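A look at the structure
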Amino acid sequence: MGWGEMEPPNGSAAGRSDTCFGVFNTSDSRDNAQNSIASPWFSTAFGLIGLCSNLFALCVLLSSSRKLSSRARSSFLVFLCGLVVTDFMGLLVTASVIIPYHFIKFTWAKVDPGCHLCNFLGFSMVFFGQCPLLLGATMAGERFFGINHPFSRSTSISKRRAWSIVGLVWGFSCLLGLLPVLGLGRYTLQYPGSWCFLTLLPDTGNVVFCLLFALLGIFSVLLSFIFNTVSVVTLCRVYHDRESVQRRRDSEVEMMVQLVGIMIIATICWMPLLIFIIQTVLQQLPASGQIQMLPMETQKMLLIYIRMVTWNQILDPWVYILFRRAVLQHVYPSLRPRPSILSLYPVLNPSLGRKLTAD
């Protein structure tokens, strides 16, 4: 998302603050674009790496899901599959607009005078940006209840229910992305003219939408952190129990390692942008609606943070690819399958134990 430096739109359209072409200064954009280290070939290679990484991870996930008998692990793989599909489609959709723009050098104001393409790209940025954060929080919550309350439900989440939850996350993110189209805020072309995103100007609609987007993302990251921290503490405490010191929940540990890795990547890639959005819109509030154009420094910082966010879509699949037991056992041959979480709790009624273990 926002991979390279582009030619700015023409000046006449850029000066109209009531459209998607009036947010950034165009006077120095051409010089900055020419001096940039970005190039069409760099952007293409960058996009292809991300697409191939997610496609490879998806193939591995589908292969692993066919071999599993554990419903807990199967539902977790469904969430992971939803995350990988989201990242793959996010890169594919944004690249399909941005990369051709690198080579063709078309003028946005002429090709898209009604801002339909800009609105689509802005919607894609919000939708495919918010989905991974919400899915990360959902996965953390599912593992939290699976580890800390394993007997509160007779069965784990089925694959169908897991896909339903993924669909709800997609639907909620879709509604969020459609808010500017419905009148709350607006999507505008951003510096240096290669991508569209929410508008960091101090009018009421833009401020509300920016704060909603940023606060929801921060809430998702914090919720993931809380759930994952409690789950990791629970695993560590059980590991040090005298009666279960030799019994390891390899499957639960594997899932938690992957989940913590996803959370760390999302935090590093997303938190700077989310905090920057909140700081920018709140600092401009005293100016009310007087500001019609973002300062150049703000535009450049936004571009840098968006590029950081793009790495989240590229690194997510490698968390699962690299942190699987099949891979880790090559590094640490001593790792072997161990009893599940149920074996670490006090002795149960034999029939109940057999039922829960089967589930």
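Residues numbered from 1 in each chain as written. Predicted model: local features only at pLDDT ≥ 70, side-chain atom pairs only at ≥ 80, totals over all residues. Heavy atoms only, no water.

**Points about the UniProt feature "transmembrane region" (unreviewed entry) in the chain**
What counts here: UniProt positions are given in the numbering used here, feature names are shortened, and annotations may be inferred rather than shown by experiment. Working definition: helices are DSSP H or I runs of at least four residues, strands are E runs of at least two. Numbering for both runs from the N terminus.
Residues given the UniProt feature "transmembrane region" (unreviewed entry) here are residues 41-64, 76-101, 121-141, 162-185, 205-238, 259-282 and 302-323. Secondary structure content for residues 76-101 is 100% helix and 0% strand, and the end C-alpha separation is 38 Å. Taken as a whole, residues 205-238 contains 100% helix and 0% strand, while its terminal C-alpha atoms sit 50 Å from one another.

**Focus: helix α6 (residues 116-148)**
Each turn of an α-helix holds 3.6 residues, which means side chains three or four residues apart point in the same direction. The condition is simple: What a helix should span is 1.5 Å times the count of its residues minus one. Only protein chains enter the accessibility calculation, which uses a 1.4 Å probe; a residue whose area is less than 20% of its type maximum is buried, one above 50% is exposed, and one in between is partly exposed.
If you check α6, its first and last C-alpha atoms are 47 Å apart, about what 33 residues at 1.5 Å a residue would give, namely 48 Å. Burial within α6 is extensive, with 26 of its 33 residues counted as buried.

**Describing empty space enclosed by the protein**
Selection rule: Method remark: on a 1 Å grid restricted to protein atoms, a set of points is classed as a cavity if a 1.4 Å probe fits but cannot get out and as a pocket if it is open with protein on both sides within 12 Å along at least five of seven lines; lining residues have an atom within 4 Å of a point. Grid points are joined across faces, edges and corners, and a volume is the space filled by probe spheres set on the points. Each residue gets one label: Ala, Val, Leu, Ile, Met, Phe, Trp, Tyr, Cys and Pro are nonpolar, Asp, Glu, Lys and Arg are charged, and the others, such as Gly, are polar.
Counting across every chain of the model gives one cavity of 30 Å³ or more. Taken as a whole, the largest cavity encloses approximately 90 Å³ of empty space. P132, L133, G136, A137, S220, V221, S224, N228, L259, I262, M263 and A266 are the residues that line the largest cavity. Those elements that provide at least two residues to the lining of the largest cavity are α6, α8 (204-239) and α9 (250-283). Grouping the amino acids of the lining of the largest cavity by side-chain chemistry returns eight nonpolar, four polar and no charged.

**Points about the pattern of salt bridges**
Definition in use: In what follows, salt bridge is the name for a side-chain nitrogen of Lys or Arg lying within 4 Å of a carboxyl oxygen of Asp or Glu.
Taken as a whole and judged by the stated rule, the model has one salt bridge. The shortest N-O distance in the salt bridge between R143 and E142 comes to 3.0 Å. For R143, a relative accessible area of 3% puts it in the buried group.

**A closer look at the environment of T188**
Operational definition: Under the rule applied, a polar contact is a pair of N or O atoms within 3.5 Å (in protein, one hydrogen donor and one hydrogen acceptor; residues adjacent in sequence only if both atoms are side-chain atoms).
Residue placement: T188 occurs in strand β1 (residues 187-190). The class of T188 is buried, set by a relative accessible area of 0%. Of the polar contacts made by the side chain of T188, one reaches the side chain of T199; its length is 2.8 Å.

**With respect to the state of the cysteines**
Worth spelling out the cut-off: The definition used for a disulfide is geometric: two cysteine sulfur atoms within 2.5 Å.
Applying the stated rule across the entire model yields one disulfide. Note on cysteine connectivity: C118 is disulfide-linked to C196, with sulfurs 2.0 Å apart. Around the S-S axis, the bridge from C118 to C196 shows a dihedral of about -120° and counts as left-handed. With C118 in helix α6 and C196 in strand β2 (residues 195-198), this pair connects stretches of sequence that are 78 residues apart.

**Focus on the nonpolar core**
What counts is decided by this rule: Residues belong to a common nonpolar core when they are buried Ala, Val, Leu, Ile, Met, Phe, Trp, Tyr or Cys residues joined through side-chain atoms within 4.5 Å. Any pair of residues with heavy atoms lying within 4.5 Å of one another is described as a contacting pair.
Counting 86 residues, the largest nonpolar core has W108, W195, F197, L200, F213 and I277 as its most contacted members. Residues in contact with F197, not counting those within four places in the same chain, are G122, M125, V126, R186, Y187, T188, Q190, F213, I277, L302 and I306.

**Description of the environment of I265**
Relative to the helices and strands, I265 is located in helix α9. If sequence neighbours within four positions are ignored, I265 has contacts with N312, L315, D316 and V319.

**With respect to helix α7 (residues 159-182)**
Here α7 is 24 residues long and its end C-alpha atoms lie 34 Å apart, about the 34 Å a rise of 1.5 Å per residue gives. Within two residues after α7, G183 carries a phi angle of roughly 120°, on the positive side.

**Quick notes on the side chain of T199**
With respect to the helices and strands, the residue T199 is situated in the loop between β2 and α8. For T199, the side chain forms a polar contact with the main-chain oxygen of R186, separated by 2.8 Å.

**A word on the confidence of the model for the chain**
To be explicit about the condition: The predictor reports its confidence for every residue as pLDDT, a score running from 0 up to 100.
Counting all residues, the mean pLDDT for the chain is 77, and 70% of those residues have values of 70 or more. By mean pLDDT, the top-scoring element of the chain is α7 (93), and the lowest-scoring one is helix α1 (residues 11-14) (42). Confidence drops under pLDDT 50 across residues 2-16; counting only partners more than four residues distant or on other chains, this segment forms 67 contacts. Scored below 50 in pLDDT, residues 337-350 makes 31 contacts in the model with residues more than four places away or belonging to other chains.

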